[in-house]
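# Descriptive analysis of the structure
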Amino acid sequence: MPGSEISQTLFDRARAVSPGGVNSPVRAFRAVGGTPRFMREGKGAWLTDVDGNTYVDLVASWGPMLLGHARPEVIEAVREAAARGTSFGTPSEPEVALAEEIVARTPVDLVRMVSSGTEATMSAIRLARGWTGRDLIVKFAGCYHGHVDALLVEAGSGVVTFGLPGTPGIPTASTAQTLVLPYNDREAVAAAFAEHGAQIACVITEAAPGNMGAVPPLPGFNEFLAQTCRAHGALFVSDEVMTGFRVSRSGHWGLDGAREGWAPDLMTFGKVMGGGFPAAAFGGREEIMRQLAPEGPVYQAGTLSGNPVATTAGLTTLRLATDDVYAHLDQVAGTIQAMAVKALETAGVPHVVQSAGNLFSVFLGRTEPVVDFADAQAQSQPAYKAFFHAMLDHGVYLPPSAFEAWFVSDALDADALDAVERALAPSARAAAEA
Ligand code: PMP
């Protein structure tokens, strides 16, 4: 292996000019230690760092790169769009076509584009409050919805608690309107609505949480949330920033709501729909969405919203993401999970592998299913750290934190899967020794 000297040099430069040397905290490898790898290039399923190391990429830019890196059709479409001008501050055709594609794939009637998942959830919450005229929101511990003040909260000690700011810089007033509940806990939801139902504007949840590792909703949980919200005049906001257009052509809703016959009132999207560019969206029922400015009184805006290059990348990605692609993603996700289980069993490492569609996580040091954030916290972080570094040394790039999902791409071919399999056995042994 070529080492990581150039990454280290860049990291030193980066730390001199930006906090932690990164533009988003998880990239700094704080949870696993070591030198973050500065990537130079991505092609298909592979990343190449500045020192010349190559890795099979199982992070996929935290979700967006559904088709793998630098897919020629996407790059060509982006090149052509950029050559026509990169931003107009006017409406343009690609954003309309992307909105049509989203409306065709999901239960939302109308969408509004933004530039990040954070903006999407922030705006959906504002709209839910504007529509209902209520202030309280309900979220679940372990679900991440971006760094929105009202959503960046920690649970207090009780089962139904008003949130405490998850970071300095958030006024307690911003989180005092947020109820934080344990995930997958119907009783807690019922108790929260019994006490505060008339003041609750919305429940927001990840359609299938991926931000505490992959923790699928227990059967019927999302439907229960939708019904509970309806019964109390609150809105059900399903955050599909991570799962949208990834776990099926219509996201996680395609795996539960479409089959069970219910739909969220509002949904948020990001990641895949931007094809590797900053594009995100929120959408929902027509009468609610028409409350947004300029049609209605709820204000929301963005200089680069619906950007023609970003929406072209997203549209091209979605058009290439056919049923065959989703079938392939399910297959490779299944293969990698089976390989991981085999390696961990052989090495004698206690583990749970769980999935929500093709999104999955490997929890080490635990054998019981992980159904909520408290369970996720009971995994062995030292074991993951050893496992992560051994995988990295053997050329596989995993999420640099135990509380994340692994992301597959359509570019994972037999060569890439072989490389993953070869890396797993020694990495499982490293985890066993941790
Ligand atoms: N919601 C979910 C479910 C997410 O996974 C993320 C990002 N990981 C966000 C919202 C925030 O998106 P962004 O990072 O684009 O602001």
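Think of each chain on its own: its residues are numbered from 1, step by step along the sequence as written. Totals for whole chains, interfaces and linings use every residue, but because this is a predicted model, local features are given only for residues with pLDDT of at least 70 and side-chain atom pairs only at 80 or more, for both listing and counting.

Attention now moves to the overall build of the protein chain. A run of DSSP states H or I qualifies as a helix once it reaches four residues; a run of E qualifies as a strand once it reaches two. Both are numbered from the N-terminal end. In terms of helices and strands, the protein chain carries 14 helices and 16 strands. Computation of the radius of gyration draws on C-alpha atoms alone. For the globule rule, the value is 2.2 Å times the number of residues to the power 0.38. Rg of the C-alpha trace for the protein chain: 21 Å, near the compact-globule value of 22 Å for 434 residues, within the 12% margin. Counting other C-beta atoms within 10 Å of its own, a residue is labelled buried from 20 upward, exposed at 12 or fewer, and partly exposed in the gap between, with every C-beta atom placed from the backbone. Burial analysis of the protein chain (434 residues in total) assigns 53% to the buried set. Residue pairs qualify as contacts under a 7 Å threshold applied to their C-beta atoms, which are placed from the backbone. Taking all contacts inside the protein chain whose residues are at least 6 apart in sequence as the whole, residues at least 24 apart take part in 74%.

Let us look at the domain arrangement of the protein chain. The split into domains, and so the bounds of each, comes from an automatic or database assignment of domains. On domain assignment, one finds that the protein chain holds domain 1 (5-59 + 322-433) and domain 2 (86-320). Between the C-alpha centres of domain 1 and domain 2 the distance comes to 27 Å. Across the contact, 22 residues belong to domain 1 and 23 residues belong to domain 2. Each residue is assigned to one of three groups, with Ala, Val, Leu, Ile, Met, Phe, Trp, Tyr, Cys and Pro labelled nonpolar, Asp, Glu, Lys and Arg labelled charged, and all others, Gly among them, labelled polar. Considering only residue class, the side of domain 1 that touches domain 2 consists of 13 nonpolar, six polar and three charged.

Glancing now at the UniProt feature "modified residue: N6-(pyridoxal phosphate)lysine" (unreviewed entry) in the protein chain. UniProt positions are given in the numbering used here, feature names are shortened, and annotations may be inferred rather than shown by experiment. The positions that UniProt labels "modified residue: N6-(pyridoxal phosphate)lysine" (unreviewed entry) are, in the present scheme, Lys271. As for its placement among the helices and strands, Lys271 is situated in the loop between strand 12 (266-269) and strand 13 (280-284). What Lys271 contacts, discounting residues up to four positions off in sequence, is Gly63, Pro64, Gly117, Val241 and Met242.

Further remarks concern the nonpolar core. For our purposes the nonpolar core covers buried Ala, Val, Leu, Ile, Met, Phe, Trp, Tyr and Cys residues that link as a set through C-beta atoms within 7 Å. Ranked by size, the top nonpolar core spans 137 residues in total, and within it Ala128, Cys202, Leu235, Met273, Ala281, Phe387 and Val396 carry the most contacts. Beyond its immediate chain neighbours, meaning those up to four positions away, Ala281 contacts Ile102, Val111, Arg112, Met113, Val114, Ala120, Phe269 and Met273.

For two strands to pair, DSSP has to find at least two bridges joining them. The strand order 1-2-3-16 describes an open sheet built from four strands, whose pairing is mixed. For this open sheet the edge positions go to strand 1 (39-43) and strand 16 (396-397), each flanked by a neighbour on one side alone. In this structure, strand 2 (residues 46-49) lies alongside strand 3 (residues 54-57), joined through three bridges in antiparallel fashion. Across the sheet, the residue bridging to Thr48 is Thr54, located in strand 3.

Moving on, we come to the environment of Ser24. Examined against the element boundaries, Ser24 turns out to sit in the loop between helix 1 (5-17) and strand 1. In the structure, Ser24 is positioned 249 residues away from Met273 in sequence and 20 Å away in space, judged by C-alpha atoms.

Right, let's get into the site of the ligand. As a structural note, the neighbourhood of the ligand is formed by 15 residues, with Ser116, Gly117, Thr118, Gly146 and Val241 the closest of them. In terms of residue count, helix 4 (residues 117-132) provides more of the shell around the ligand than any other element does, three residues in total. Classifying every residue of the shell around the ligand by side-chain character gives five nonpolar, eight polar and two charged. Using a C-beta atom placed from the backbone, a residue is scored as near a molecule or strand whenever that atom is within 6 Å of it.

Moving on, we come to the sheet that holds strand 7 (residues 161-162). Two orientations exist for strands paired in a sheet by backbone hydrogen bonds: parallel and antiparallel. Strand order across the open sheet formed by eight strands is 4-13-12-11-10-5-9-7, with mixed pairing between neighbours. Two strands in the sheet have a free side with no partner beyond their single neighbour: strand 4 (110-114) and strand 7. Looking at chain direction, strand 12 and strand 13 are connected through four bridges and run antiparallel. Bridging from a neighbouring strand, Thr268 pairs with Phe282 of strand 13.

Below, the discussion takes up the packing of helix 2 (residues 72-83) against helix 10 (residues 308-320). Every axis corresponds to a line fitted to the C-alpha atoms, with the helix fit spanning only the stretch in contact, and the corresponding angles, defined between N-to-C directions, vary from 0 to 180 degrees. Put simply, helix 2 and helix 10 touch, their axes get as near as 9 Å, and they point 155° apart. Classified by the interaxial angle, the pair formed by helix 2 and helix 10 is roughly antiparallel. Crossing hand, helix 2 versus helix 10: right-handed. On the side of helix 2, the interface is formed by Glu73, Val74, Ala77, Val78, Ala81 and Ala82, while helix 10 contributes Pro308, Val309, Thr312, Ala313, Thr316, Thr317 and Leu320. Across the contact of helix 2 with helix 10, the residue classes tally to nine nonpolar, three polar and one charged. For classification, angles of less than 35 degrees are called roughly parallel, those exceeding 145 degrees roughly antiparallel, those between 65 and 115 degrees roughly perpendicular, and all remaining angles oblique. By convention, the crossing between two helices is left-handed when the near helix turns anticlockwise from the far helix through less than a right angle, and right-handed when the turn is clockwise.

Note that Asp256 resides in the loop between strand 11 (235-239) and helix 8 (257-260). Spatially, the C-alpha atoms of Asp256 and Gly306 are 29 Å apart, while their sequence positions differ by 50 residues. When near neighbours in sequence (up to four residues on either side) are disregarded, Asp256 contacts Asn222 and Glu223.

Within the secondary structure layout, Arg249 lies in the loop between strand 11 and helix 8. Here the alpha-carbon distance between Arg249 and Ala321, two residues 72 residues apart in the chain, equals 7.3 Å. In this view, Arg249 contacts Arg105, Gly254, Ala321, Asp323 and Tyr326; residues no more than four positions away in its chain are not counted.

Remember that side chains alternate between the two faces of the sheet whenever the strand is regular. Of all seven residues making up strand 10 (residues 200-206), seven are buried, and the element is well covered by its neighbours. Two elements, strand 5 (residues 136-140) and strand 10, share three bridges in a ladder whose sense is parallel. Along strand 10, the bridge assignment pairs Val138 with Val203. Across five bridges, the pairing between strand 10 and strand 11 is parallel. Bridge pairing links Glu206 to Asp239 in strand 11. Taken together, strand 10, helix 7 (residues 221-231) and strand 11 form a β-α-β motif whose crossover is right-handed. Handedness is read with the strands pointing away from the viewer; a crossover is right-handed when the path from the first strand over the helix to the second is clockwise.

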